[in-house]
Amino acid sequence: LTNKLNAVLANIDNGQYQDAYNQLTNDVLGKANGCVETGTPDKSDWIVNCLDQNQIYPFLFEAINYFTPII
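Residues numbered from 1 in each chain as written. Predicted model: local features only at pLDDT ≥ 70, side-chain atom pairs only at ≥ 80, totals over all residues. Heavy atoms only, no water.

## Description of the state of the cysteines
According to the stated counting rule, one finds 1 disulfide in the structure shown. Between the sulfur of Cys35 and that of Cys50 lies a disulfide, 2.1 Å long from S to S. Taking the sign of the S-S torsion, -90° for the link of Cys35 and Cys50, the bridge is left-handed. Placement of Cys35 in helix H3 (residues 34-38) and of Cys50 in helix H4 (residues 50-66) is noted, with a sequence separation of 15 residues between them. On the basis of relative accessibility, which here comes to 10%, the residue Cys35 falls in the buried class. Given the relative accessible area of 23%, Cys50 is considered partly exposed. (Disulfide = S-S within 2.5 Å. Helix = DSSP H or I, 4+ residues; strand = E, 2+ residues; numbered from the N terminus. Buried < 20%, exposed > 50% of the residue type's maximum accessible area, 1.4 Å probe, protein only.)

## As for helix H1 (residues 2-13)
Here H1 spans 16 Å end to end across 12 residues, near enough to the 16 Å set by a 1.5 Å rise per residue. Downstream of H1 by one or two residues, Gly15 has phi in the positive range, about 75°. (Expected span 1.5 Å × (residues − 1).)

## With respect to the packing of H1 against helix H2 (residues 17-28)
Between H1 and H2, the shortest axis-to-axis distance is 7 Å and the interhelical angle comes to 160°. Relative to H2, the element H1 lies roughly antiparallel. Crossing of H1 over H2 shows left-handed handedness. For the pair H1 and H2, the contacting residues are Lys4, Leu5, Ala7, Val8, Asn11 and Ile12 in the first and Tyr17, Asp19, Ala20, Gln23, Leu24, Asp27 and Val28 in the second. When grouped by side-chain class, the residues that make up the contact of H1 with H2 number 8 nonpolar, 2 polar and 3 charged. (Axes fitted to C-alpha atoms, helices over the stretch in contact; angles between N-to-C directions. Parallel < 35°, antiparallel > 145°, perpendicular 65-115°, else oblique. Left-handed = near helix turned anticlockwise from the far one by under 90°. Contact = heavy atoms within 4.5 Å. Nonpolar A, V, L, I, M, F, W, Y, C, P; charged D, E, K, R; others polar.)

## Observations concerning the environment of Ile56
Within the secondary structure, Ile56 sits in helix H4. Using a relative accessible area of 27% as the deciding quantity, one classes Ile56 as partly exposed. Each C-alpha atom of the pair Ile56 and Asn22 lies 18 Å from the other, and the pair is 34 residues apart in sequence.

## Looking at the packing of aromatic side chains
For the coordinates displayed, the defined rule picks out 2 aromatic pairs. Geometrically, the ring pair formed by Tyr21 and Phe67 is edge-to-face, given 6.1 Å between the ring centres and 70° between the ring planes. Residue Tyr21 is located in helix H2, and its partner Phe67 is located in the segment after H4; the two are separated by 46 residues in the primary sequence. Taking the relative accessible area as the measure of exposure, Phe67 reaches 5% and is therefore buried. With centroids separated by 6.1 Å and ring planes inclined at 20°, the aromatic side chains of Tyr57 and Phe61 adopt a geometry described as stacked. You can see Tyr57 and its partner Phe61 sitting in helix H4, 4 residues apart, about one turn around the helix. (Phe/Tyr/Trp six-rings, centres within 6.5 Å; stacked < 30°, edge-to-face > 60°.)

The values reported here are purely geometric and, on their own, carry no functional implication.
The structure is reproduced here in C-alpha cells:
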C-alpha cells in the first residue's frame, strides 16, 4: 500500500494528475473499501480490519476529491 501511495505522490510531483487520480480510484481505494461498502473487509482489501479501514478511507476519499477541479 505504501508503494502504491508513493507512486501516486510521484505522479502528482510530475504533474500527471490523471494518472494519480486513476491510481487512487482504481488501485488504492479498492484495498481499503470493504468495510464502507459491506461492513466487513473484502478479499481484495489490504487493510483487513474495519477499525483501520475506517481511519484511512476518509483520507483516501478526500484525496480523490481534490482532483475533481484539476482533471
